[in-house]
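Here are the chains, one letter per residue:
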Amino acid sequence: MPVWLEAGLWGLLGGGALVLGAGVTWLVRVPDLIVAWIMAFGAGVLISALAFDLLDEAERSGGLAPTAIGFLGGACAYVAANAALARRGARHRKRSGDQQPSEDQVQGSGAAIAIGALLDGVPESVVLGLSLLNGGVGTAVLAAIFISNVPEGLSSAAGMKRAGRGAGYVFGVWGGIALASGLSALMGGLLLEGAPPTAIAVITAVAAGAILAMVADTMIPEAFERAHVVTGLIATLGFLTAFSIERIGG
């Protein structure tokens, strides 16, 4: 199977976890505390994968300076885009409560939330595509993306439902993002095959910086709002789980 096609399928699998989470919360009332616990766990998993898989590999292949520049650049780009979307009603797109505005409250918020969800998902998919160029999809990275995407879909879809948005909007958003995730991973594998290691390292670091900014800006606040003092402990368990997967798989 061509690398680019395999990358697209892995990206689609990771993005499909968002649809899975949305489907669960649409059909079953998941307690907010459980969603928060899963969100905290997913945040810890992602942070571990960033530290021990993505950045480590980027630094080894491209050097510290390009990795650091890309990492900071990705974080800055995400924060700037997130701030712009927040002003248009997407600030609480991952919240499961009543924080998300309806379209009547903030005109255009539905589109902003959809774009924000896409902004959150694309860097993860690019990373999956790039990981195949480094010798195969990283088990820790794939597990981190899948585990973190389920609570993202759970929480955000619950908030969308409470804001009065219908099933067509909710599953249109998450289904579209799953397809975009597959396409992003596919394009990463297709366009960057044969690229210099430094270029791949920089792009990996950019995506990693964006993911870490997303975790800090959206996932951890949602988890802490409900789970409070146990958020750190649950995130630690997630971190340890991903670290163990990386070490065993390596």
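Residues take numbers from 1 onward in each chain, read along the sequence in its written order. The model is predicted, so local features are restricted to residues of pLDDT at least 70 and side-chain atom pairs to those at 80 or more, both for listing and for counting; the totals for chains, interfaces and linings are taken over all residues. Computation of side-chain values: all heavy atoms of the structure, hydrogens and water removed.

If you check an unreviewed UniProt entry, the chain appears there as ZIP family zinc transporter from Spinactinospora alkalitolerans.

**Description of helix α5 (residues 139–162)**
Short version of the rule: For helices the rule is a DSSP run of H or I covering at least 4 residues; for strands it is a run of E covering at least 2, with both sets numbered from the N terminus onward. Take the residue count of a helix, subtract one, and multiply by 1.5 Å to get its expected span. For every residue, the accessible area (1.4 Å probe, protein chains only) is compared with the maximum for its type, and the residue is labelled buried under 20%, exposed over 50%, or partly exposed between those bounds.
The terminal C-alpha atoms of α5, which comprises 24 residues, lie 35 Å apart, in line with the 34 Å expected from a rise of 1.5 Å per residue. Counting buried positions along α5 yields 19 of 24 residues, so the element is predominantly enclosed. The first or second residue beyond α5 is G164, which carries a positive phi of 90°.

**What to know about the UniProt feature "transmembrane region" (unreviewed entry) in the chain**
Where we set the bar: UniProt positions are given in the numbering used here, feature names are shortened, and annotations may be inferred rather than shown by experiment.
UniProt records the feature "transmembrane region" (unreviewed entry) for residues 7–28, 34–52, 64–85, 126–147, 168–192, 198–215 and 227–245 in the present numbering. Secondary structure over residues 34–52 splits into 100% helix and 0% strand, and the C-alpha atoms at its two ends are 27 Å apart. Secondary structure content for residues 64–85 is 100% helix and 0% strand, and the end C-alpha separation is 32 Å.

**Examining the packing of helix α2 (residues 32–62) against α5**
The condition is simple: Only the contacting stretch of a helix is used when fitting its axis, a line to C-alpha atoms as for every element, and angles between N-to-C directions run 0 to 180 degrees. When the near helix sits turned anticlockwise from the far one by under a right angle, the crossing is termed left-handed; a clockwise turn instead gives a right-handed crossing. Residue contacts are counted whenever heavy atoms from the two residues lie within 4.5 Å of one another.
Contact geometry for α2 and α5: axes closest at 8 Å, N-to-C directions at 145°. The way α2 lies across α5 gives a crossing that is left-handed. Residues D32, V35, I38, M39, F41, G42, V45, L46, A49, D53 and L54 of α2 form the contact with α5, whose participating residues are A140, V141, A143, A144, I145, I147, S148, P151, E152, L154, S155 and R162.

**Quick word on the packing of aromatic side chains**
Note the following rule: Stacked, tilted and edge-to-face are the three classes assigned to paired rings of Phe, Tyr and Trp, where Trp is represented by its six-membered ring and a pair needs centres within 6.5 Å; plane angles under 30 degrees give stacked, over 60 edge-to-face, the rest tilted.
Applying the stated criterion to the full structure yields three aromatic pairs. Considering the side-chain rings of F52 and F239, the 5.6 Å spacing of their centres and the 75° angle between planes classify their relative orientation as edge-to-face. Linking F52 in helix α2 with F239 in helix α8 (residues 231–249), this pair joins segments that are 187 residues apart in sequence. Among the residues examined, F52 registers a relative accessible area of 28% and is labelled partly exposed.

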